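Next come the chains, spelled out residue by residue.
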Amino acid sequence: MTATTSTRSPLKALSVLRAGGRAARHGGTGIVDRAAVGVAGCMVLLALVGPYLAPMSPYAVDLGAALQPPSAEHWFGTDVNGRDILSRLLVGGRTTLLATVAVIAAAMVVGTLVGTAAALGRRVVDEILMRICDIGLSMPAIIVALGLAAAMGPSLQSAVIALAATWWPGYARLVRTLVREVRDAEFVESARMLGVSPARLVFRHVLPNSLSPLYVQTTLDVSAVMLVISGLSFVGVGAQVPSAEWGAMIAASRDTAITAWWTVFFPGAAIAVTAIAFNLVGDWLRVRTDPTLKTGGRP
Amino acid sequence: MFSFIAQRLGMMILVLAGLITVTFLMTQVLPGDPARAAAGRNATAEQVEAARERLGLDAPVHEQYVSYVGRVVQGDLGTSVFTQRPVTDDIAQVLPSSVELVLAAMLVNVAVALPLGVLSAYRRGRAVDLAARLVALLGAALPVFWLGLMLQAFLSARWGLFPLAGHLPFGVSVPRVTGMTTVDALVAGNPAAFGEAVRHLVLPAVTLAAAYIAVVTRTLRSTMIGALDADYITLARSTGAPEGRVVLSHGLRNALVPTTTILGMQLGWMLGSTVLVESIFGRVGVGAYSVTAVLQNDLYAVIGAVLVIGIVFVLANFVVDLVQLRLNPRLRRGRATDGAEPAAQTLDPAGERA
């Protein structure tokens, strides 16, 4: 590990990716980190306003315009039903990102409650909850989610519930570790001695001071959850076909992937770009918030 | 050592029980009438009643649970509405093909990730390190099913480098012995068919491996960096050992322990990911079977596939724990919980998950 960012040689200039990580490791923010935050921010913004930007209707069928390659009129081409792919992406991004956020939020709430209860509760409560988490973590998430969603009746809602049900144990373990770290801290002790009620102690003193690594983890999980959610849609247990959800768009276009690559390429690229951006942001946040990582390699 | 094995064995049994319970819950949350679902969409009222009685659905939930566990333990996963055959037979028929694909993907995984991880750690900050970082970044972000469709569209359909789908070209067949096409071709003494079977395996295996290559490369890189910075490496160098020997037998050997654990766990994850890959490449397998079952609304088949994949996953993790015991002598001294997490509890960072 030598100097920080330097762009003297072409190779060095090429290695912005590494330089970004290196700068961050020294506590700074590299160009890649900025770009990643920018892209991730754009994706969130597009999820909010995208439907208003869509140049055409995402659902109007126009068979006369079917399977047109990318052009000035249709930047990303049209699908087998003649629908403008860019418009569908702009509309569907909201669905995909909302579903992802819903999974993470639900898993985080359950995980935080369980993890806190395990950390602050009696030993036997801790043991039981953690064994349940171990069992949950020892099952293949995508397969269990697939079965649950199929059983509940295929829909995006089922996929979200099913995935959240398989995702929370990871958060519970993390929160348990984090809460245990602060539960004996002096400020908690003094609050307790001042007679603060247990609920207030947990929600105002313990949790706010222990959860920041959890937020980093959720950022890193955005891409993973998004990939599984779109995968479930692709398999047919998530968002159903006319929907513009990105995974469902790929599923609907799989028969035209060979003859008209753009029908599959752009939805997948949208998923990939979003996933990469959130991964980089998560890495950056992790290094920034965890001082022990600033000197070492990537774990 | 024995306490370690006993502990992991106990955990495995708990997880299997959890898995069976979860699949039982799946049969319970079925919207509508599970007896109707089991009997099939076109069943008559009598057939539905017969199914209700056969499955004991008129019994209280806890009795149903006991009989469900009993049936699963005996290998009875119900009857597929679509094929009208026992789900266990259906899955036994297709599972070898999935195992073949998973093993091929593991081969690709090791062949790419091992050199990439070692080189990127050895030449930190150079071009190869950048390449490794890119692979890790892309592997963790590209949707598996999308990668499969794109490889198929360009490498197969457009440029004709690989066959489009299936196990063998049209008109070629080998007698089924193991259910793995490559092995069957060898058993039949048909080298041409073997070559074709391998060619048909390449793209599915690469697609399946991509996400896992990313994880292995990342892990190996960081453990390898740790190993290369260790004092024993300096010592080895100072004794005048050749550089290749220093890196491989001193560095890599020590860095390999966590990597082998991850590789072993990935076998289970990969079997789950076949759900996303097999149907794209028109391959027979437990993944494709469950996708078809979802589309046919064939719930007992879906749940059966979930259970089988889950069981293989849990068994694979148990074996990984045993291998870890072999590779990591510290575990043998009875300090069972010292520093070693059970294999499965590192979340699959590849999305696993997808």
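What counts and how
Residues numbered from 1 in each chain as written. Chains lettered and ligands numbered in written order. Predicted model: local features only at pLDDT ≥ 70, side-chain atom pairs only at ≥ 80, totals over all residues. Axes fitted to C-alpha atoms, helices over the stretch in contact; angles between N-to-C directions. Helix = DSSP H or I, 4+ residues; strand = E, 2+ residues; numbered from the N terminus. Parallel < 35°, antiparallel > 145°, perpendicular 65-115°, else oblique. Left-handed = near helix turned anticlockwise from the far one by under 90°. Contact = placed C-beta atoms within 7 Å. Nonpolar A, V, L, I, M, F, W, Y, C, P; charged D, E, K, R; others polar. Core = buried A, V, L, I, M, F, W, Y, C linked by C-beta atoms within 7 Å. Buried ≥ 20, exposed ≤ 12 C-beta atoms within 10 Å, placed from the backbone. Expected span 1.5 Å × (residues − 1). pLDDT = per-residue confidence, 0-100.

Attention now goes to the packing of helix α4 (residues 85-120) of chain A against helix α10 (residues 212-235) of chain A. Residue and element names in this part refer to chain A. Interhelical geometry of α4 versus α10 gives an angle of 130° and a closest axis separation of 9 Å. The angle between α4 and α10 falls in the class oblique. For the element pair α4 and α10, the recorded crossing hand is right-handed. Across from Thr 96, Ala 99, Thr 100, Val 103, Ile 104 and Met 108 in α4, the residues of α10 making contact are Leu 214, Thr 218, Asp 221, Val 222, Val 225, Met 226, Ile 229 and Ser 230. Of the residues that constitute the contact of α4 with α10, the class distribution is 9 nonpolar, 4 polar and 1 charged.

Formed by 191 residues in total, the largest nonpolar core has its most connected members in A:Ala145, A:Leu146 and A:Leu163. In terms of residue count, the dominant contributor to this core is helix α9 (residues 191-228) of chain B (21 residues). Sequence-distant contacts of A:Ala145, defined by excluding residues within four places in its chain, comprise A:Ala159, A:Ala162, A:Leu163, A:Thr166, A:Val228 and A:Leu232.

Now for unusual backbone geometry. All names here are of chain B. Positioned with a positive phi, Gln 84 is a non-glycine residue whose angle comes to about 60°. Note on placement: Gln 84 falls in the loop between α4 (61-73) and α5 (87-122). By C-beta crowding, Gln 84 is classed as exposed, having 9 other C-beta atoms within 10 Å.

For the rest of this paragraph, the subject is helix α12 (residues 262-289) of chain A. In this model, α12(A) (28 residues) spans 40 Å end to end at C-alpha, consistent with the 40 Å of a helix rising 1.5 Å per residue. Taken across its 28 residues, α12(A) has 22 buried, putting it largely inside the fold.

Bringing the confidence of the model for chain B into the picture now. All names here are of chain B. With 90% of its residues at a pLDDT of 70 or more, chain B shows a mean pLDDT of 82. Within chain B, helix α2 (residues 34-39) has the poorest average pLDDT of any element, 68, and α5 the best, 92. Segment residues 335-354 is flagged for pLDDT under 50; beyond a separation of four residues in sequence, or across chains, it makes 64 contacts in the model. For this predicted complex, the interface confidence comes out at an ipTM of 0.81, alongside a pTM of 0.83.

Opposite the 51 residues of chain A that make contact, chain B presents 58 residues. When contributions to the side of chain A that touches chain B are tallied by element, the ones reaching two or more residues are α1 (10-14), α2 (16-25), α5 (123-137), α6 (141-152), α10 and α12 of chain A. The biggest single contributor to the side of chain A that touches chain B is α6(A), with 10 residues. Of the residues contributing to the side of chain A that touches chain B, the split by class is 34 nonpolar, 12 polar and 5 charged.

This next bit is on the confidence of the model for chain A. Reading predicted coordinates in detail is not appropriate for stretches of low pLDDT. Residues and elements named next belong to chain A. For chain A, the average pLDDT comes to 80, and 87% of its residues sit at 70 or higher. Scored below 50 in pLDDT, residues 1-27 shows 42 contacts in the model against residues more than four places distant or in partner chains. Taken as a whole, residues 294-299 scores under 50 in pLDDT and shows 9 contacts with residues more than four places along the chain or in a different chain.

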